[in-house]
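Each chain is listed here by its residues.
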Amino acid sequence: MGAKVFAQTKAIVPTAADKPNRYQQEQIDRKYGMFIHFGMNTFHDQEWTDGSKPPGSYAPTAIDVKQWVSTAKAAGMKYIILVSKHHDGFCLWDSKYTSYDVASSANKTDVVAALAKECRNQGIRLGLYYSLWDRKQNGNVKDLTADKAYNTYMLNQLSELLNITQKYTDIVELWLDGGWEKENYRWPAQEIYTLVKSKAPQCQVGINWSIGTPENVDKHMVLPKDQQNLFPIRYFPSDFRLGDPYLPATPDPKLFTSQGNTYYMPFETTVVLGERWFYNTTDKKYKTLGELEQIYRTATAQDNILILNVGPDRAGRIRETDVDLLLKLKEKLKL
C-alpha cells in the first residue's frame, strides 16, 4: 500500500468568467439526476458510521445496477452520482490503498465499475461522490502531521476511480464532502482539481459548503439564502456550489471570488425522498408528490441543478416505493 508518486503537473484553475463555461453549461443542461447512497451504512440503520464496522457486515445479496440506471432513465433523469466512499472510509471498489473495501466483504462486486459499465450501456452520465473526511483512514482530524500522508492517500484513490470509470465512460461530476472537519487550507483542493481536470476535463468538481463570507472565507455554514455575489469561494478551485439539503435563494447569486478573480458557479441541490440518505428500516416518512414538484421547480430554476437521492436496500435494489414516486414525479413534471 505504498504511496504513488504524482508527477509535478502545472496547476489547472478555472478561467475567470461571469457566465458558464462549456462544461458548466452541460451540467446546467443536465438539470436533474439521481444520487445513490449505498455502502456500509446500508447494513447498520445508520447515516454515519465511523470505520469500525467489519467489512464483512457489508453484505448485499445482489447489486442490481441495471435497475438503478433504468429507474433513473425512466424518471427523466440525465445522470447518476454514486457514493463511492462515505465518511466511514469503506470503498465500493477494490482499492490498492486500503483493505476496507468491497474486496474484503461478503459481496466483492466492484460497484463503481459495474455502474460505470451500465451507465455506458444505457446511455446516461455518471458522477461520483467521495468523502474527504475518512474516519477509518484519518480518524484524528486534529493531527496536522497526518495530513500529508492522508492527502496522498486521497489523490491515489481519486486517480484509481478515474482510471476505473474511464474504461467505460467519462465521469461528469465529482461531489466532495466532509471538508468542514478540517480548516479549508489543509485539504489539497488544488491538487485534486488538477488531477481530475488533467484526466477528465469535462468533470465538474464541487466541495460541499462551497462558499465563505467576506469576513471569514472558511465560515461554516453559509446557507444559500445568505450567499451574495462576490462572496469568497471557500474551496478553490471548484466549479459549482453545494450545500445539502438546502435550496438556492431567489434570486440566486452566481459570481464568487478567489485570489482577486471572479468565477461563475451554479448551485446543485441534493434532496432525499424520505428522511434518510442510506436505506434505513425506520425511514417511513416520504415527501409528497407536491413537495417534490416544488423542490424541483425551485432547484432547477435560475440555471441550477437538482439531484434526488435514493438508498438501495440490502438486496441491492431501489425500493419499489422510491421507483413509484420517481415515476409519478416525472409525469407531474411532464419530463
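Rules and cut-offs
- Residues numbered from 1 in each chain as written.
- Predicted model: local features only at pLDDT ≥ 70, side-chain atom pairs only at ≥ 80, totals over all residues.
- Heavy atoms only, no water.
- Buried < 20%, exposed > 50% of the residue type's maximum accessible area, 1.4 Å probe, protein only.
- Helix = DSSP H or I, 4+ residues; strand = E, 2+ residues; numbered from the N terminus.
- Pairing = 2+ DSSP bridges.
- Right-handed = clockwise from strand over helix to strand, strands pointing away.
- Arc of directions from axis to C-beta.
- Polar contact = N/O pair within 3.5 Å; in protein donor to acceptor, adjacent residues only side chain to side chain.
- Axes fitted to C-alpha atoms, helices over the stretch in contact; angles between N-to-C directions.
- Contact = heavy atoms within 4.5 Å.

Thoughts on the pairing of strand S1 (residues 32-36)
Most of S1 is tucked away, with five of its five residues classed as buried. In S1, alternate side chains face the same way, and those of Tyr32, Met34 and Ile36 on one face and Gly33 and Phe35 on the other are all buried. Strand direction decides the pairing type here: S1 and strand S10 (residues 305-310), joined by five bridges, are parallel. Paired with Ile36 across the bridge in S10 is Val310. Relative to strand S2 (residues 79-85), S1 runs parallel, the two being bridged by four bridges.

Comments concerning the pairing of strand S5 (residues 204-208)
Of all five residues in S5, five are buried; the element is thus mostly enclosed. Here S5 shows no split at all, with Gln204, Gly206 and Asn208 on one side and Val205 and Ile207 on the other all buried. When strand S4 (residues 173-177) meets S5, the two strands line up parallel, connected through four bridges. Paired with Trp175 across the bridge in S5 is Gly206. Where the polypeptide runs from S4 across helix H5 (residues 189-199) and back to S5, its parallel neighbour, the crossover connection is right-handed. Of the strand pairs in this sheet, S5 and strand S6 (residues 240-242) are connected by three bridges, and their pairing is parallel. Paired with Asn208 across the two strands is Leu242, which belongs to S6.

Concerning helix H1 (residues 22-30)
All of the buried residues in H1 are Gln24, Gln27, Ile28 and Arg30. For H1, the buried positions fall inside an angular range of 160° around the axis, keeping them on one side. With respect to the buried face of H1, the exposed residues turned more than 90 degrees away are Arg22 and Asp29. Put simply, Asn21 is the residue that caps the front of H1, since its side-chain oxygen is 3.1 Å from the backbone nitrogen of Tyr23.

Examining the sheet that holds S4
Taken in spatial order, the eight strands of this closed barrel run S1-S2-S3-S4-S5-S6-S9-S10, and their pairing is parallel. Taken over all neighbouring pairs, the strand axes of this sheet differ in orientation by 25° on average, direction set aside. With five bridges connecting them, strand S9 (residues 267-272) and S10 associate as parallel partners. For Thr269, the partnering residue across the bridge sits in S10 and is Leu306. Against the sheet, helix H3 (residues 111-122) touches S2 and strand S3 (125-131), its axis set at about 170° to S2. Running at roughly 155° to S10, helix H7 (residues 320-333) makes contact with S1 and S10 of the sheet.

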